[in-house]
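# Structural description and commentary
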Amino acid sequence: MKIGVLTGGGDCPGLNAVIRAVVRKGERHYGDEIIGFLYGWKGLIEDASRPLDVTQMRGTLPRGGTVIGTSRTNPYRVEGGVEAVRATIERHGLDALIAIGGEDTLGVANKLHDDGVAVVGVPKTIDNDLSATEFTFGFHTAVQIATDAIDRLHTTAESHDRVMVCEVMGRHAGWIATYAGIAGGASVVLVPEHPFDIEEVCAHIKRRHESGRFATIIVVAEGATPTEGSHVTQDAEVDAFGHVKLGGIGQVLADEIERRTGYETRVTILGHIQRGGTPTAYDRVLSTRFGIAAIDAVHDGAFGSMVALRADRIVRVPLAEAVGELKTVDPELFEVAQVFFG
Ligand code: F6P
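My aim in this report is to walk through the structure given alongside it, one point at a time. (Residues numbered from 1 in each chain as written. Predicted model: local features only at pLDDT ≥ 70, side-chain atom pairs only at ≥ 80, totals over all residues. Heavy atoms only, no water.)

### Describing the overall build of the chain
Within the chain one finds eleven helices and 13 strands. Principal-axis analysis of the C-alpha atoms places the extent of the chain at approximately 70 × 40 × 30 Å. Counting all 342 residues of the chain, 56% fall into the buried class. In the chain, the proportion of contacts linking residues at least 24 apart, taken out of those at least 6 apart, comes to 74%. Accessible area of the chain: about 14000 Å², with a carbon and sulfur share of 49%. Between the centroid of the 33 positive side chains of the chain and the centroid of its 46 negative side chains there is a distance of 6 Å. (Helix = DSSP H or I, 4+ residues; strand = E, 2+ residues; numbered from the N terminus. Buried < 20%, exposed > 50% of the residue type's maximum accessible area, 1.4 Å probe, protein only. Contact = heavy atoms within 4.5 Å. Areas by Shrake-Rupley, 256 points an atom, 1.4 Å probe, with all protein chains shown as cover. Lys, Arg positive; Asp, Glu negative; His and termini not counted. Charge placed at Lys NZ, Arg CZ, Asp CG, Glu CD.)

### Observations concerning the nonpolar core
With 61 residues, the main nonpolar core has Ile19, Ile98, Ile100, Val122 and Phe137 as its most contacted residues. If one sorts the elements of this core by residue count, helix α5 (residues 139–160) sits on top with eight residues. Composition of this core by domain shows at least three residues from each of domain 1 (2–137 + 279–323) and domain 2 (139–276). Apart from the residues lying within four places of it in its own chain, the contact partners of Ile19 are Val5, Thr7, Leu52, Met57, Thr66, Val67, Ile68 and Ile100. Counting 28 residues, the second-largest nonpolar core is a separate cluster that includes Ile35, Val108, Val317 and Ala322. (Core = buried A, V, L, I, M, F, W, Y, C linked by side-chain atoms within 4.5 Å. Domains from an automatic or database assignment.)

### Quick notes on the side chain of Arg275
Considering the arrangement of structural elements, one finds Arg275 in the loop between β11 (265–269) and α9 (281–299). Within the structure, the side chain of Arg275 is placed 3.0 Å from the side chain of Asp11, a separation counted as a polar contact. Not counting the four nearest positions on each side in its chain, Arg275 is found in contact with Gly10, Asp11, Cys12, Pro13, Arg72, Ile126 and Met169. (Polar contact = N/O pair within 3.5 Å; in protein donor to acceptor, adjacent residues only side chain to side chain.)

### Some points on the sheet that holds strand β8 (residues 216–221)
Hydrogen bonds along the backbone pair up the strands of a sheet, which may run parallel or antiparallel. In spatial order, the strands read β7-β8-β6-β11; together these four strands make up an open sheet with parallel pairing. This sheet does not close on itself; its edge strands, each paired only once, are β7 (188–190) and β11. Here the average twist between neighbouring strands, direction ignored, is 20°. In this sheet, β11 lies alongside strand β6 (residues 163–168) in parallel orientation, the contact comprising five bridges. Each bridged residue has a counterpart across the sheet, and for Val163 the counterpart in β11 is Thr265. Taken strand by strand, helix α6 (residues 175–184) contacts β6, β7 and β8, and its axis lies near 170° from that of β7. Sheet strands touched by helix α7 (residues 198–210): β6, β7 and β8. Its angle to β8, the strand with the most contacts, is close to 160°. (Pairing = 2+ DSSP bridges. Axes fitted to C-alpha atoms, helices over the stretch in contact; angles between N-to-C directions.)

### Some words on the packing of helix α1 (residues 15–30) against α9
At a closest axis distance of 7 Å, the pairing of α1 and α9 adopts a crossing angle of 45°. Considering their axes alone, α1 and α9 lie oblique with respect to each other. Along this stretch, α1 crosses α9, giving a crossing that reads as right-handed. Residues Ala17, Val18, Arg20, Ala21, Val22, Lys25, Gly26 and Tyr30 of α1 lie in contact with α9, whose contacting residues are Arg284, Ser287, Thr288, Gly291, Ile292, Ile295, Asp296 and His299. (Parallel < 35°, antiparallel > 145°, perpendicular 65-115°, else oblique. Left-handed = near helix turned anticlockwise from the far one by under 90°.)

### Remarks on helix α4 (residues 103–114)
In a regular helix each residue adds 1.5 Å, so twelve residues correspond to 16 Å; α4 covers 16 Å between its end C-alpha atoms and thus fits that length. Of the residues making up α4, those classed as buried are Asp104, Thr105, Leu106, Gly107, Val108, Ala109, Asn110 and Leu112. Trailing α4 by a residue or two, Gly116 shows a phi angle of about 95°, which is positive. (Expected span 1.5 Å × (residues − 1).)

### Observations regarding the pattern of salt bridges
Scanning all chains against the criterion turns up twelve salt bridges. Note that Lys25 and Asp296 form a salt bridge whose closest N and O atoms lie 3.1 Å from each other. Pair noted here: Lys25 is in helix α1 and Asp296 is in helix α9, with a separation of 271 residues, a long-range link. The salt bridge involving Glu199 is made with Arg260; its shortest N-O contact spans 2.8 Å. (Salt bridge = Lys/Arg side-chain N within 4 Å of Asp/Glu carboxyl O.)

Pasting the structure below:
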């Protein structure tokens with residue numbers, strides 16, 4: 001078969017491991033020809049591609065980012081975009097597409113499937129907010145990076161009796177904040193799912209300080225909001241999927257805590273460091289399993305499906321189920337984090 005592969009949305013540790021697995025099993029087991037389309041859906045609109053083979057994919061398993069590039073291009077928002085995608089598919093004589101991405105990229109894949117394109121999805125996002133799979137690849141790496149950072153922030157928090165605010169990614173869901181908060185021993189975790197009361201946050205901090213425990217670590221997801229406010233954004237610009245650029249809640253929070261409590265408060269924004277560099281061993285294995293499952297799904301004709309992790313098995317679920325609704329933080333998990341507040 002002739003199969004196109006693309007990576008869309010934010011880059012993510014493990015993307016190359018998925019591509020490598022697709023190419024390895026496709027070429028060696030099925031005798032496929034694999035073509036990588038460059039910069040996500042943009043590569044299909046503009047017909048920009050490169051052939052991918054086992055030799056070229058050597059050494060890419062531990063490499064962060066994506067060797068075929070990525071973007072947040074949405075063909076349904078580009079004039080003539082869908083027709084251009086179809087034309088590229090025809091021009092190359094593609095039998096199928098494998099789309100590796102999050103809610104936006106797979107949302108496009110789902111629409112294209114409804115429009116008759118043979119496509120299989122692979123769930124990617126450090127945010128872990130995609131439904132129908134227990135984990136997306138990249139999340140584990142992001143949590144490990146955030147946890148390592150929080151461990152290091154404890155040193156300064158303890159030595160200077162400071163409140164340290166650590167802002168992590170998580171636009172609509174606080175999975176990274178909750179996991180890293182539990183793993184890093186945070187005194188407060190703030191997530192988009194639960195608008196926070198600044199007075200309550202300050203009360204936790206004061207209680208700690210009054211009981212002789214200084215060094216407060218607060219983990220805040222970039223999409224967290226105060227009860228009375230709205231998102232804190234960098235600017236009003238939106239991307240092709242209508243998302244604003246988040247970032248900045250950590251600084252606002254730190255300023256407000258210092259003003260209300262009088263305790264010296266500092267902020268660290270982890271930003272893209274969470275998405276950078278090599279995937280953890282867990283993510284390398286998950287990505288590899290997803291890649292193998294995706295090429296198998298193509299050969300079984302399971303179009304319109306996404307490979308997913310459920311009870312540690314790789315299964316196929318309808319793309320529509322994966323992109324229907326965001327997967328927000330499990331309330332039971334958040335309750336675990338809350339036990340350690342204050
Ligand atoms: O897609 C995941 C993510 O890292 C989000 O957590 C974050 O809000 C967003 O991407 C940032 O995107 P960009 O790198 O395009 O600013």
